[in-house]
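Examining the three-dimensional arrangement
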Amino acid sequence: MTETNMNPEFDDLFTNDDGELELAERNALRRVAGLSTELTEITEVEYRQLRLERVVLVGVWTEGSLEEAENSLTELAALAETAGSQVLDGLVQRRSRPDPSTYIGRGKVGELRDVVVTSGADTVIADGELSPSQLRSLEQEVKVKVIDRTALILDIFAQHAKSREGKAQVELAQLEYLVPRLRGWGEALSRQAGGRAGGQGGGVGLRGPGETKLETDRRRIRTKIARLRREIAQMRTARDTKRHNRHRHLVPSVAIAGYTNAGKSSLLNRLTGAGVLVEDALFATLDPTTRRAQTSDGRHYTLSDTVGFVRHLPHQLVEAFRSTLEEVTESDLIVHVIDGSNPDPQGQVRAVREVLGEIGADELPELLVVNKADAIDADTVLELRAEWPDAVFVSAHSGSGIDKLRLVIEQALPQPAVEMKVCVPYIRGDLVSRIRQRGEVLSTEHRGDGTVLHTRVDEALAAELRPFELAAETA
């Protein structure tokens, strides 16, 4: 997690980050196109890095309009390009449901094989999550590597994870995805006796040395999964401690959530000058970043950039990143960023709200922010305003609408509970500073015996101010 100091009271809660250096480092290494991808058995517990070069996309259109199906495949192409691939072709088939054996139906597999041979592709990416049997059947038919949408997203996460916690979370999700997809019955694997040869658990064709290589790999993966879960739980404790310190100081928190590549990091940079990595790519930033912000009257609050969401976000990732996503569930306000230039912003909002519901954040106050307003035509703006009348339209690129967004966020922050009027002696400037940081100052007056403040503060600070409170008739 990347954070930065708020003031001396918050030592060690925040550290700096430089997005430009991170972007330069990421661009310094790119895949070389044209390298072959071998189709081999998995014999190690480590998850295979997906070496994608020239790919063909295939999807099954089961419901909705053709436009929605094409938008889904377009998003899959963007994911593939983010992973370093060159997309050669895309196919969509209309079916009532995916074929349980080959996903697209045995009759269409031959056509897919012809497209792969003609285009020279070495990988097929399916726009959905394939079962282990579907994965094996397709690979046997098309003779190149086949992966699904889930594996593709996991590969992108593995490339972009920077922090120790992020890498552990991604590795955990990868291994959980891999367990049911280990290859069996390969030439290097022994068959399993499963008990007494010839007895109830064994028989002709099942006698062997005992545990198979496949079961050995599965056992080792489960051991590693257990270790990763323990490590993530320990890192979660450190994150909870930092969050507790912010809550102890009663600092309101705002979480920036939204679809991937909607401009969340750009918006955080505009609001706070955070310097977070910005790249026109899906899942460019994974590690959450928290920065300090200040209201017009001097009150402090935090803004946290979180991992982006996507349609059909793999369940393994939601579970692995649950501790990170708690930055959203523990916030006082969710700033939901929408890419206004996307062909289907409504679909993106539904996908984000589905994930928010899954992590228990659907009941929190939500502020809709339509980003990239400078890239939207006037008719689309009218449609979106009719769809979300309370949304704030901004452009993180040009800066338009940012001042209005700051004001709306200030108004949506939880208000301190206790209203009082106090006269603070001039020698207690520390109290005045804390009032401005943690409370809301309604009026200020300077007189001979001190500073008179009409303010709203939290209960803890109100207790410290009681000795300086003015009587009602004096106030």
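Relevant structure appears above.
Residues numbered from 1 in each chain as written. Predicted model: local features only at pLDDT ≥ 70, side-chain atom pairs only at ≥ 80, totals over all residues. Heavy atoms only, no water.

Comments concerning the pairing of strand E8 (residues 300–305)
Note the cut-off: The buried label applies to any residue whose accessible area, calculated with a 1.4 Å probe on protein chains only, is under 20% of its type's maximum; exposed applies above 50%, and partly exposed to all values in between. A run of DSSP states H or I qualifies as a helix once it reaches four residues; a run of E qualifies as a strand once it reaches two. Both are numbered from the N-terminal end. By the convention used here, strands pair only if DSSP detects at least 2 bridges between them.
With six of its six residues buried, E8 lies for the most part within the structure. Pairing of strand E6 (residues 253–258) with E8, which is carried by four bridges, proceeds in the parallel orientation. Bridging across to E8, Ile256 finds its partner in Asp305. Direction of pairing for strand E7 (residues 289–294) relative to E8: antiparallel, over a ladder of six bridges. Bridge pairing links Gln294 to His300 in E8.

Brief notes about helix H6 (residues 164–178)
This is how it is decided: To estimate how far a helix should reach, multiply one less than its number of residues by 1.5 Å.
With 15 residues, H6 ought to run about 21 Å at 1.5 Å a step, and its terminal C-alpha atoms sit 21 Å apart, in line with that. Burial runs high along H6: eleven of the 15 residues are buried.

Details of the pattern of salt bridges
We apply this condition: For this document, the term salt bridge refers to a Lys or Arg side-chain nitrogen within 4 Å of an Asp or Glu carboxyl oxygen.
Going through the model one piece at a time under the given rule, you end up with 21 salt bridges. Linking Asp99 and Arg95 is a salt bridge whose minimum nitrogen-to-oxygen distance equals 3.7 Å. Under the relative-accessibility criterion, Asp99 is labelled buried at 16%. Looking at Arg95, the relative accessible area reads 23%, which means it is partly exposed. If you follow the salt bridges from partner to partner, you end up with Glu75, Asp127, Arg149, Arg311 and Asp344 in one network.

Some words on the side chain of Asp339
Selection criterion: Residue contacts are defined here by distance: any two heavy atoms, one from each residue, within 4.5 Å place the two residues in contact.
Looking at the secondary structure, you find Asp339 in strand E9 (residues 333–339). Its relative accessible area of 9% is what places Asp339 among the buried residues. Aside from chain neighbours lying at most four places away, what touches Asp339 is Asn261, Ala262, Pro345, Gln348, Asn371 and Lys372.

Quick look at the sheet that holds strand E5 (residues 145–148)
What counts is decided by this rule: Note on geometry: axes are lines fitted to C-alpha atoms, helical ones only across the stretch in contact, with angles between N-to-C directions running from 0 to 180 degrees.
With respect to topology, four strands assemble into an open sheet ordered E3-E2-E4-E5, the strand pairing being parallel. Strands with a single pairing partner mark the edges of an open sheet, and in this sheet they are strand E3 (86–94) and E5. The mean inter-strand angle of the sheet, taken between neighbouring strand axes irrespective of direction, is 20°. Pairing of strand E2 (residues 54–61) with E3, which is carried by eight bridges, proceeds in the parallel orientation. Pairing of Val58 across the sheet is with Leu91, part of E3. Across the sheet, helix H2 (residues 66–82) lies against E2, E3 and strand E4 (123–126), angled at about 155° from E2, the strand it touches most. Lying over the sheet, helix H5 (residues 149–160) contacts E4 and E5, oriented at roughly 85° with respect to E5.

Describing unusual backbone geometry
Of note, the phi angle at Lys143 is positive, near 65°, even though the residue is not glycine. As for its placement among the helices and strands, Lys143 is situated in the loop between helix H4 (132–142) and E5. Even without being glycine, Lys372 reaches a positive phi, approximately 60°. Note that Lys372 resides in the loop between strand E10 (366–371) and helix H12 (378–387). Exposure remark for Lys372: the relative accessible area of 22% places this residue in the partly exposed category.

Description of the packing of aromatic side chains
Definition in use: Side-chain rings of Phe, Tyr and Trp (the six-membered ring for Trp) are treated as a pair once their centres are within 6.5 Å; stacked means planes under 30 degrees apart, edge-to-face means over 60, and tilted covers the remaining angles. Counting as a charge over the ring demands two things of the Lys NZ or Arg CZ atom: a distance within 6 Å of the ring centre and an angle within 35 degrees of the ring normal.
Enumeration over the complete set of coordinates arrives at zero aromatic pairs. Above the ring of Trp61, the side-chain terminus of Arg94 is found at 4.3 Å from the ring centroid. Seen from the ring of Phe393, Arg385 lies directly overhead, with NZ or CZ sitting 4.2 Å from the centre.

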